Amino acid sequence: MNSLKQFIEDGRAVLGIEFGSTRIKAVLIGEDYQPIASGAHDWENHLEDGIWTYSLSEIWTGLNDCYSKMADDVSRRYGTHITSLSAIGFSAMMHGYMAFDQSGELLVPFRTWRNTTTAQSSEQLTELFGYHIPQRWSIAHLYQAILNGEEHVSRIHALSTLAGYIHWQLTGEQAVGVGEASGMFPIDIQTADFNEHMIRQFDQKTVDYGFSWKLRDILPKVLKAGEPAGVLTAEGAAKLDRSGRLTAGIPVCPPEGDAGTGMTATNSIAVRTGNVSAGTSVFGMVVMERELSKVYPEIDLVTTPDGHLVGMVHCNNCTSDLNAWVDLFGEFADSCGISLSRRQLFQILYQKALEGDTDCGGLLAYNYFSGEHVTDFEEGRPLFVRRPDSRFDLANFMRVHLMTSLAALKTGLNLMLKEEGVKVDKMLGHGGLFKTKGVGQRILAAAINAPVFVMDNAGEGGAWGIALLAAYMVHKAEGEKLEDFLNHKVFAGAAGTMISPDPADVSGFDQFLKVYTAGLSIERAAVDCLK
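Because the structure is a prediction, the values reported are computed rather than measured.

Another point: the pattern of salt bridges. Scanning the entire structure with this criterion turns up 26 salt bridges. The salt bridge involving arginine 12 is made with glutamate 31; its shortest N-O contact spans 3.1 Å. Taken as a pair, arginine 12 in the loop between α1 (2–9) and β1 (14–19) and glutamate 31 in the loop between β2 (23–29) and β3 (35–42) lie far apart in primary sequence, 19 residues in all. Judged by its relative accessible area of 57%, glutamate 31 falls in the exposed class. Across the salt bridge formed by aspartate 357 and arginine 391, the nearest N and O atoms sit 2.7 Å from each other. Taken together, the residues span a long stretch of sequence, with aspartate 357 in the loop between α12 (342–353) and β18 (364–366) and arginine 391 in the loop between β19 (383–385) and α13 (394–419) at a distance of 34 residues. Through salt bridges that share partners, Asp73, Arg76 and Arg77 make up one connected network.

The following block contains the structure:
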């Protein structure tokens, strides 16, 4: 404890702060790159004139509270205060739209990734670029505002994301990491910068509007992991730490999005590795060796923090329906006078699923609490369906709900892994689906036909990930790549379990997916009929 106290007082600790959709978290890391203190602030987006947003006051109140709680944690644990740091990094949920005028004033309320009001621009830009532009990307929001004839567009001086905004306000530098930039506008993998050809296409597309700006003028500078991105200014220090103890001049790394920090925190930034985050929603990312041969609406193309191309499949639905069935069995147990914790219920029912048939015995389920763009559903209805001759028992019932939790993801990943031949040597699993040891991990290995590694301790998530990127900037050896820094200095000897795919499970999941795909018309009928 005394050595950590001295470490903090010497200003050698590194801080990472991430703005998630429901929590802002700060993580302070020590000499071994592991967390030594943390603080958090809960918040929630709200609907304002049909737009999901957070106000600027909520952003700064949340940042101050988060930092203050981390500093209080340091005081309680080590009996000292933070006055300086070795480095800082800021991260946030990716995408969205923050447009500023020449004086730095926000022109319209922050439009978050959650908004789905840009279908028209998304479709037109995808056609223009020959490159998939999801609705949540910053460029889709900008072009939709142009199509809508919104008055503020002519006065834009700078366009940014939440992470880029925080970085700008605290350092004076309008810059973003390449991973964050890849959720704003397409990236040229060769230059690790915005795609110049597509920028020219956009400028030509909008030339008749007569704007005083060109797209490159208003986009932030793009930086790779490890590159300096400015220092904390005196004004920035005062904005971050209301106590006034924190000094200026601290190096700040390029701001990143939650996808990049998630890849960093799970050590899945090397080519031919990937990660799956499975909870209420699920996404899978694979670091690819080459570009895809064509545009797939189901696959978003982003990058790692050091500029490698990543194919990402994001699905809205994962464990919500599965959890609801577990809770139903818990209610039955309570009615029988049997006391089981939720953890015990998951353990019993998940383990039972491993006794089921590899194809779920002909059972079929859809976990669609909401729409699912991968399978082209704007709304969802949870369903369980079986034929009279299906093998209906508890093991198959639980297995089908586990497998359907990953079926939409597998549908999207198949486009990369099977149709495009993208190679993945190892996938990292994290999130609620993997808390019951070995079960969700085995089902995922079957879905992707690749080994799945789950760490015993997934660290502190994205806030830890951006702290690691800040540490990499100041502690990397000459010429040391990010993946080598993570492998040798952060994750060397990391405890966890690896499960390789069982051929029978792989074949069974493929069979189940055929039934799942053929049965989508049942889900469509449910959406149409159950209004």
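Moving on to the packing of helix α11 (residues 320–335) against α13. Between α11 and α13, whose axes approach to 9 Å, the crossing angle comes to 150°. Between α11 and α13, the angle is such that the two are roughly antiparallel. Counting all contacts with α11, which are made through Asp321, Leu322, Trp325, Val326 and Phe329, the residues of α13 involved are Leu394, Phe397, Met398, His401, Leu402 and Ser405. Its residues placed into classes, the contact of α11 with α13 shows eight nonpolar, two polar and one charged.

Now for the nonpolar core. In terms of nonpolar packing, the biggest core is built from 134 residues, with Leu142, Phe202 and Tyr516 touching the most fellow members. Looking at this core element by element, the count peaks at 13 residues for α13. Phe19, Val74, Ile82 and Ile88 belong to the second-largest nonpolar core, a separate cluster that totals 43 residues.

Our next topic: the sheet that holds strand β15 (residues 282–287). The strand order β16-β17-β15-β14-β20-β21-β22 describes an open sheet built from seven strands, whose pairing is mixed. The open sheet has two free edges, formed respectively by β16 (300–303) and β22 (496–499), since each of these has just one partner strand. Taken pair by pair, the neighbouring strands of this sheet meet at an average axis angle of 25°, ignoring direction. Looking at chain direction, strand β14 (residues 273–278) and strand β20 (residues 426–430) are connected through five bridges and run parallel.

This brings us to empty space enclosed by the protein. What the rule picks out here adds up to two cavities of 30 Å³ or more. Considering only enclosed or pocket space, the largest cavity measures out at about 50 Å³ in volume. Taken together, Ala158, Leu159, Ser160, Gly164, Trp168, Gln174, Ala175, Leu219 and Pro220 make up the full set of residues lining the largest cavity. Secondary structure elements with two or more residues in the lining of the largest cavity: β8 (158–160) and α5 (162–171). Among the elements that line the lining of the largest cavity, the one with the most residues is β8, at three residues. Classifying every residue of the lining of the largest cavity gives six nonpolar, three polar and no charged. Of the voids in this model, the second largest cavity is the one considered here, and its volume is about 40 Å³. Forming the walls of the second largest cavity are Gly177, Lys224, Ala225, Gly226, Cys253, Pro254, Glu256, Pro305 and Leu469. The residue makeup of the lining of the second largest cavity, split by class, is five nonpolar, two polar and two charged.

Moving on to the environment of asparagine 414. Looking at where asparagine 414 falls in the secondary structure, it is placed in helix α13. Take asparagine 414: its relative accessible area is 15%, and that puts it in the buried class. Counting along the chain gives 269 residues from asparagine 414 to alanine 145, while the straight-line C-alpha distance between them is 34 Å. When sequence neighbours within four positions are dropped, the list of residues in contact with asparagine 414 reads Glu419 and Leu513.

Taken together, the five strands give an open sheet; going across it, the order is β3-β2-β1-β6-β13, and neighbouring strands pair in mixed fashion. What marks the edges here is a single partner per strand, and that holds for β3 and β13 (256–257). Where β1 and β2 come together, six bridges link them in antiparallel fashion. Note on β2: the bridge partner recorded for phenylalanine 19 is isoleucine 24. Strands β1, β2 and β3 of the sheet are contacted by helix α2 (residues 56–78), whose axis makes an angle of about 145° with β3. Helix α15 (residues 462–475) contacts β1, β2, β3, β6 (87–92) and β13 of the sheet and is inclined by roughly 140° relative to β1.

Within β20, four of the five residues are buried, leaving the element largely enclosed by the surrounding structure. With two bridges connecting them, β20 and strand β21 (residues 452–455) associate as parallel partners. Bridge pairing links leucine 428 to phenylalanine 453 in β21.

Position of glutamine 169 relative to the elements: it lies in helix α5. Overall, glutamine 169 belongs to the buried group, its relative accessible area being 18%. Within the structure, glutamine 169 has its side chain in polar contact with the side chain of lysine 239 (distance 2.8 Å). Residue contacts for glutamine 169: discarding those within four places in its chain leaves Trp60, Gly236 and Lys239.

About the cut-offs
Counting restarts for each chain, with residues numbered from 1 along the sequence as it is written. Only residues with pLDDT of at least 70 get local features here, since the model is predicted, and only at 80 or more are side-chain atom pairs given and counted; chain-wide, interface and lining totals rely on the full set of residues. Excluded from the side-chain calculations are hydrogens and water; all other atoms, namely the structure's heavy atoms, are used. Think of a salt bridge as a Lys or Arg side-chain nitrogen and an Asp or Glu carboxyl oxygen that are within 4 Å of each other. Put simply, DSSP marks the helices as runs of H or I at least four residues long and the strands as runs of E at least two long, and each gets a number from the N terminus on. A 1.4 Å probe rolled over the protein chains alone gives each residue an accessible area, and that area as a share of the maximum for its type sets the label: buried under 20%, exposed over 50%, partly exposed in between. For helices, the fitted line uses only the C-alpha atoms of the stretch in contact; every axis is such a line through C-alpha atoms, and the angle between N-to-C directions lies from 0 to 180 degrees. Any angle that is under 35 degrees is reported as roughly parallel, and any over 145 degrees as roughly antiparallel; angles of 65 to 115 degrees are reported as roughly perpendicular and all others as oblique. What makes two residues a contact is simply this: any of their non-hydrogen atoms within 4.5 Å. When residues are grouped by polarity, Ala, Val, Leu, Ile, Met, Phe, Trp, Tyr, Cys and Pro land in nonpolar, Asp, Glu, Lys and Arg in charged, and all others, Gly among them, in polar. In this description, a nonpolar core means a group of buried Ala, Val, Leu, Ile, Met, Phe, Trp, Tyr and Cys residues linked to one another through side-chain atoms lying within 4.5 Å. We treat two strands as partners when DSSP finds at least two bridges between them. Think of a 1 Å grid over just the protein atoms. A cavity is a set of points where a 1.4 Å probe fits yet cannot get out, a pocket is an open set with protein on both sides within 12 Å along at least five of seven lines, and lining residues have an atom within 4 Å of a point. Grid points are joined across faces, edges and corners, and a volume is the space filled by probe spheres set on the points. Each polar contact in these results corresponds to two N or O atoms within 3.5 Å; when the atoms are within protein, one needs to be able to donate a hydrogen and the other to accept it, and residues that are neighboring in sequence are counted only if both atoms are side-chain atoms.

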